[in-house]
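Architecture and fold: a report
So you can see what is in the structure, the chains are spelled out below.
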Amino acid sequence: MKRLLTFVLLTLFTQGIPSAFADHAVRVEVKLSTSHDDPKNSQAEVVNKQMTVVLAGSAKSGGDKLTVKARFYADDLKTDQLVVEKELQTETTLMSGRVEVPLTAVTFNFTPAHAKSTGTGRRAKSVRVPASGRRYHGWVVEVLKGSEVVGQAASHPSLVESRNQ
């Protein structure tokens with residue numbers, strides 16, 4: 001009798017887990033395009049990142065209202081730290097199938113370390129100019145239903161791990 005009860009409980013428990021996750025699982029795919037708009041006669045670099053988040057999954061009838069949060073990370077070249085450059089958030093509804101969510105472009109401005117000549121002729125000197133600004137590092141996208149994370153994607157796994165600590 002105990003074996004039968006244990007078998008029934010285990011069967012119900014293990015069959016209930018996948019369906020509970022399947023109702024709210026959202027696959028996240030990210031399309032990222034990059035464009036450069038560097039000023040002429042300058043060492044400065046301007047990089048624009050345009051992201052489109054593609055969500056796929058099955059939603060309950062009527063569609064689920066989801067919040068899409070995207071964080072762009074940058075390397076602060078002056079302090080040598082990883083920082084959040086910009087955080088974007090939008091809401092969408094996912095019906096059965098796919099939905100594309102375009103986000104606003106994020107711009108990264110930085111100047112790499114370089115040498116600058118001063119003076120002319122025999123008096124010319126080379127002066128080192130340190131790096132400055134913020135250079136693109138990566139991104140993390142989270143999809144939330146209420147306060148529950150139902151989908152996630154990242155350019156680097158370490159960005160998700162550092163966020164959770």
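Up top is the structure.
Residues numbered from 1 in each chain as written. Predicted model: local features only at pLDDT ≥ 70, side-chain atom pairs only at ≥ 80, totals over all residues. Heavy atoms only, no water.

Below, the discussion takes up the overall build of the protein. Secondary structure summary: the protein contains two helices and 10 strands in total. Counting helices and strands in the order they occur from the N terminus, the protein gives α-β-β-β-β-β-β-β-β-β-β-α. In the protein, 60% of the contacts between residues at least 6 apart in sequence involve partners at least 24 apart. Summed over all atoms, the accessible surface of the protein reaches about 11000 Å², with 52% contributed by carbon and sulfur. (Helix = DSSP H or I, 4+ residues; strand = E, 2+ residues; numbered from the N terminus. Contact = heavy atoms within 4.5 Å. Areas by Shrake-Rupley, 256 points an atom, 1.4 Å probe, with all protein chains shown as cover.)

When you tally the buried positions in strand E8 (residues 125-129), you get zero out of five residues, a small fraction of the element. With five bridges connecting them, strand E7 (residues 114-118) and E8 associate as antiparallel partners. Its bridge partner lying in E8, Thr 118 is registered against Lys 125. Turn length for the E7-E8 hairpin, with the two strands adjacent in sequence and antiparallel, is six residues, and the turn residue Gly 119 shows positive phi of about 80 degrees. (Buried < 20%, exposed > 50% of the residue type's maximum accessible area, 1.4 Å probe, protein only. Pairing = 2+ DSSP bridges.)

At Asn 41, a position not held by glycine, the phi torsion is positive, near 55 degrees. With respect to the secondary-structure elements, Asn 41 resides in the loop between strand E1 (27-36) and strand E2 (45-57). The class for Asn 41 is exposed, based on a relative accessible area of 85%. A positive phi angle, near 60 degrees, is found at Asp 80, a position not held by glycine. Mapped onto the elements of the fold, Asp 80 is located in the loop between strand E3 (64-76) and strand E4 (81-94). Among the residues examined, Asp 80 registers a relative accessible area of 70% and is labelled exposed.

Once that is clear, we can look at the nonpolar core. Formed by 23 residues in total, the largest nonpolar core has its most connected members in Met 51, Val 53, Leu 55 and Val 141. Mapped by element, the contributors of at least two residues to this core are E2, E3, E4, strand E5 (97-102), strand E6 (106-111), strand E9 (132-145) and strand E10 (148-154). With five residues, the top contributor of residues to this core is E3. Excluding anything up to four places from it in sequence, Val 141 contacts Val 28, Val 30, Met 51, Val 53, Val 68, Lys 69, Ala 70, Gly 151, Gln 152 and Ala 153. (Core = buried A, V, L, I, M, F, W, Y, C linked by side-chain atoms within 4.5 Å.)

A separate point is the side chain of Asp 75. With respect to the secondary-structure elements, Asp 75 resides in strand E3. Buried charged residue Asp 75 carries no salt bridge. Nearest counter-charge: Arg 135, at 4.0 Å. Sequence-distant contacts of Asp 75, defined by excluding residues within four places in its chain, comprise Gln 81, Leu 82, Gly 133, Arg 134, Arg 135, Tyr 136 and His 137. (Lys, Arg positive; Asp, Glu negative; His and termini not counted. Salt bridge = Lys/Arg side-chain N within 4 Å of Asp/Glu carboxyl O.)

So, about the packing of aromatic side chains. Scanning all chains against the criterion turns up two aromatic pairs. Among the aromatic side chains, those forming a connected cluster through ring pairs are Phe 72, Phe 108 and Tyr 136. Between the NZ or CZ atom of Lys 49 and the centre of the ring of Tyr 136, over which it lies, the distance is 4.0 Å. (Phe/Tyr/Trp six-rings, centres within 6.5 Å; stacked < 30°, edge-to-face > 60°. Lys NZ or Arg CZ within 6 Å of the ring centre and 35° of its normal.)

Take Asp 76: it is sitting in strand E3. Beyond its immediate chain neighbours, meaning those up to four positions away, Asp 76 contacts Gln 81, Val 83, Gly 133 and Arg 134.

As a further point, take the environment of Val 129. Within the secondary structure, Val 129 is located in strand E8. Taking the C-alpha atoms as reference points, Val 129 and Ala 113, 16 residues apart in sequence, are found 5.6 Å from one another. For Val 129, the residues in contact, after removing those within four places along its chain, are Ala 113, His 114 and Lys 116.

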